[in-house]
Each structure stands twice: as C-alpha cells, then as structure tokens.
Amino acid sequence: MKTSIIVTYTFTPAWLALPREERNALEAAHIFPVFAKYADRVSARFFDAEAFHTAFSDFALLETEDLKAYYFLIEELRDSPLIAQGYLVVNDIFMGIEDGFRQFEAQAGADRDGQGK
C-alpha cells in the first residue's frame, strides 16, 4: 500500500548565509546521495514554499510502499550536516494513504464475505 508523506522544513539563516556554491556542494555530497540510495523504494519531489507560506520554507512530497526504507532515509538525513549542524529544521511530517477508506471498505467487504485474510 503506497503511503504519501509531506515533510515540511525550513532552511535556517546559517544556511542562507553560506555562498550558493557551498550550499550546492553540501547538497551534492550529503543529500542527493541519500535520496539516490533509496530512490528504488522512496520517490521524492521537492517544492519551494517561502514565497507562499511563513511556517516553513520548503516541503518534500515522498511516496513509498516501504516505510522501513522511508524511516532509514530520514535517519540518514538527520545524520547529515544539513540537519546535524543546524542548517535545516524539519517542521512537520504528514502521512496519508490515498483513498485509504476505499481500500478499507474493499477489505472489510471481503472479510464479511469470508474472502479476506
């Protein structure tokens, strides 16, 4: 079952004070490889939000059927310099299952009919 996850985060003033070349180098060295490692199990899309929202500067939309892979990806990100050195703060995480109620109803119906396990 595919789970959709929205991770909201904010880049701190310390990050913004870095030259763009250094920011790009940190992302290339510490962020892109983590997402690449899990790309076969966790898809990721990234969005800028600072011009549209004040509670966070960016968000990521992740999708996975493997919550363990998602969890390990997050753990690796937490160990990265971007989070460990305070350049990025995760604000909130929202998880959901698209049309989960439909899957529930289908399974509940199968269980009532003696077909579900």
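Residues numbered from 1 in each chain as written. Predicted model: local features only at pLDDT ≥ 70, side-chain atom pairs only at ≥ 80, totals over all residues. Heavy atoms only, no water.

(A) Focus on the overall build of the chain. Within the chain, the secondary structure is distributed over 5 helices and 4 strands. The order of α-helices and β-strands along the chain, N terminus first, is β-α-α-β-β-α-α-β-α. The C-alpha atoms of the chain give a radius of gyration of 18 Å, which is well past the 13 Å a tight globule of 117 residues would have. Intrachain contacts of the chain at a sequence separation of at least 6 include 70% that bridge at least 24 residues. Here the chain has roughly 7,900 Å² of accessible surface; of this, 56% comes from carbon and sulfur atoms. Of the side-chain charges in the chain, 11 are positive and 19 negative, and the distance between the mean point of each set is 4 Å. (Helix = DSSP H or I, 4+ residues; strand = E, 2+ residues; numbered from the N terminus. Rg over C-alpha atoms; globule rule 2.2 N^0.38 Å. Contact = heavy atoms within 4.5 Å. Areas by Shrake-Rupley, 256 points an atom, 1.4 Å probe, with all protein chains shown as cover. Lys, Arg positive; Asp, Glu negative; His and termini not counted. Charge placed at Lys NZ, Arg CZ, Asp CG, Glu CD.)

(B) A look at helix α3 (residues 67-79). Given a rise of 1.5 Å per residue, 13 residues ought to cover 18 Å, and the 19 Å separating the end C-alpha atoms of α3 matches this to within 8%. Within the sequence span of α3, burial applies to A69, Y70, L73, I74 and L77. Down the axis of α3, the smallest arc covering the buried residues is 140 degrees, so these residues share one side. Exposed residues pointing more than 90 degrees away from the buried face of α3 are listed as K68 and D79. The inward-facing, buried residues of α3 abut β1 (3-11), α2 (20-38), β2 (42-48), β3 (58-64), α4 (81-84) and β4 (88-96). Between the side-chain oxygen of the N-cap and the backbone nitrogen of K68 there are 3.2 Å, and the N-cap of α3 in question is D66. (Expected span 1.5 Å × (residues − 1). Buried < 20%, exposed > 50% of the residue type's maximum accessible area, 1.4 Å probe, protein only. Arc of directions from axis to C-beta. Polar contact = N/O pair within 3.5 Å; in protein donor to acceptor, adjacent residues only side chain to side chain.)

(C) Quick look at the packing of aromatic side chains. According to the stated counting rule, one finds 7 aromatic pairs in the structure shown. Taking 5.2 Å as the distance between ring centres and 25 degrees as the angle between the ring planes, the aromatic pair formed by F11 and W15 counts as stacked. Pair check on accessibility: F11 and W15 agree, each one buried. An aromatic cluster of three or more residues is present, and its members are Y9, F11, W15 and Y87. (Phe/Tyr/Trp six-rings, centres within 6.5 Å; stacked < 30°, edge-to-face > 60°.)

(D) Geometry of the pattern of salt bridges. If you walk through the whole model with that rule in mind, you get 4 salt bridges. Across the pair E76 and K37 runs a salt bridge, and its minimum N-O distance is 2.7 Å. You can see E76 sitting in helix α3 and its partner K37 sitting in helix α2, a full 39 residues away along the chain. We classify K37 as partly exposed; its relative accessible area is 48%. In this structure, the salt-bridge partner of R41 is D40, at a minimum N-O distance of 3.1 Å. (Salt bridge = Lys/Arg side-chain N within 4 Å of Asp/Glu carboxyl O.)

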